[in-house]
Amino acid sequence: MPAETLRLLPERVGLPRGRAALSETEVGEAHRARIMQAVTDEVAEGGYARTTVAGITARARISRTTFYRWFAGKEEAFAAAHEAISEQLVQVIRDQAATIPDSAWEQRIALGVRALALSLEARPTFARSFMVEVHGAGERLAEQRDRVVDRHARSLARVADLAEAAGAPVRIPTEWEVVGAIGATEELFARRIRHTPPRRRLVLTNLVDPVVTIHTALLRPQ
């Protein structure tokens, strides 16, 4: 898996002039991406409550007019960034799990959890913003976070369903059990992120084993 899988900025984010100039659509996409990256960086650095539109526009090097062309305020910009990274994380986990046969459900879980840990380790700004600061970002982000948890829970439940269909011995967990397992994972990761000073290297891979233990315990037949 690439060291830095998650990204908000496209590969080409500059705004060149002349023959190499970006199209109007590309310019708009670059502005939107820079806003989402800037709000994420501002939140990770100073916290959601202290983040301002002025700080976001200064970091993104855009005008307030450009900012409001894309977003109604910092909440909407942060929500867009959170949604984008959350979708990428779900895909990263699914892609890793897909490399293992459906019947080998324990290995699939282990690979998925490790992919999550490595992705967040490589992007500590995303980790702090979307695993810690998101909890203080208001009702809209709370509801959006619930949907993300549900998405991960459905993925875990699907691992069990596919294993059963492949003839592997597996227990099918309830809806609340998989939601609880995902919630436990988020709490362990968030606690480690909170306790890691900003300039210290974020290490999450040593949480893989306990998280895998939680997940596999749900699916292991009694």
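Bear in mind the structure is a predicted one, so any value in this text is a computation, not a measurement. (Residues numbered from 1 in each chain as written. Predicted model: local features only at pLDDT ≥ 70, side-chain atom pairs only at ≥ 80, totals over all residues. Heavy atoms only, no water.)

A.B. asks: Is there a simple way to explain the nonpolar core in this structure?
C.D. replies: What tends to happen in soluble globular proteins is that the nonpolar side chains get buried as a cluster. Membership of the largest hydrophobic core comes to 61 residues, with the highest contact counts inside it found for Phe 78, Leu 120 and Phe 189. Of all the secondary structure elements, the ones that give two or more residues to this core are α1 (24-46), α2 (53-60), α4 (74-97), α5 (105-122), α6 (124-131), α7 (139-165), α8 (175-194) and α9 (208-219). At nine residues, the largest contribution of residues to this core is made by α4. With sequence-adjacent residues up to four places away left out, Leu 120 is seen in contact with Leu 6, Leu 89, Ala 127, Met 131, Phe 189, Leu 202 and Leu 204. (Core = buried A, V, L, I, M, F, W, Y, C linked by side-chain atoms within 4.5 Å. Buried < 20%, exposed > 50% of the residue type's maximum accessible area, 1.4 Å probe, protein only. Helix = DSSP H or I, 4+ residues; strand = E, 2+ residues; numbered from the N terminus. Contact = heavy atoms within 4.5 Å.)

A.B. asks: Help me understand α2 in this model?
C.D. replies: By the burial criterion, the buried members of α2 are Val 53, Gly 55, Ile 56, Thr 57 and Ala 60. Of the residues one or two after α2, Arg 61 is the one with positive phi, at around 60°.

A.B. asks: Help me out: how do you make sense of the side chain of Thr 66 in this one?
C.D. replies: For Thr 66, the location among the structural elements is in helix α3 (residues 64-70). Residue Thr 66 is classed as buried on the basis of its relative accessible area of 9%. Beyond its immediate chain neighbours, meaning those up to four positions away, Thr 66 contacts His 31 and Ile 35.

A.B. asks: I'm lost on the packing of aromatic side chains in this one. Help?
C.D. replies: Centre distance and the angle of the planes are the two values used to describe a pair of aromatic rings. All chains considered together, the criterion is met by five aromatic pairs. Their ring planes at 40° and their centres at 5.5 Å tell us that Tyr 48 and Phe 78 sit as a pair that is tilted. A residue pair is termed long-range when its members are at least 10 positions apart, and Tyr 48 in the loop between α1 and α2 and Phe 78 in helix α4 qualify at 30 residues. Of the residues examined, Tyr 48 reaches a relative accessible area of 9% and is grouped as buried. Ring geometry for Phe 67 versus Phe 71: centroids 6.1 Å apart, planes at 50°, classification tilted. Residue Phe 67 shares its accessibility class with Phe 71, and that shared class is buried. (Phe/Tyr/Trp six-rings, centres within 6.5 Å; stacked < 30°, edge-to-face > 60°.)

A.B. asks: I keep staring at α5 and nothing clicks. Help me out?
C.D. replies: Turn by turn, an α-helix covers 3.6 residues, leaving residues three or four places apart pointing in a common direction. Taking 1.5 Å as the rise per residue, α5 with 18 residues should run 26 Å; its terminal C-alpha atoms sit 26 Å apart, in good agreement. Regarding α5, the residues found buried are Trp 105, Arg 108, Ile 109, Gly 112, Val 113, Ala 115, Leu 116, Ala 117, Ser 119, Leu 120 and Glu 121. Where the residues of α5 are buried, they touch α4, α6, α7, α8 and α9. (Expected span 1.5 Å × (residues − 1).)

A.B. asks: Hey, could you run me through the environment of Gln 88 in this one?
C.D. replies: Residue position: Gln 88 is located in helix α4. A C-alpha to C-alpha distance of 8.4 Å links Gln 88 and Arg 7, two positions 81 residues apart in sequence. Discounting residues that sit within four places of it in the chain, Gln 88 has contacts with Thr 5, Leu 6 and Arg 7.

A.B. asks: Whenever I open this one, the pattern of salt bridges confuses me. Can you help?
C.D. replies: Side-chain pairs of opposite charge can arise where the charged atoms are in close proximity. This structure, assessed with the given rule, holds 10 salt bridges. A salt bridge links Arg 220 to Glu 106; the nearest nitrogen and oxygen atoms lie 3.2 Å apart. Residue Arg 220 is found in the segment after α9, and its partner Glu 106 is found in helix α5; the two are separated by 114 residues along the sequence. Glu 106 gets classed as partly exposed once you look at its relative accessible area, which sits at 38%. Several salt bridges share partner residues, and in doing so they unite Glu 42, Glu 45 and Arg 59 into one network. (Salt bridge = Lys/Arg side-chain N within 4 Å of Asp/Glu carboxyl O.)

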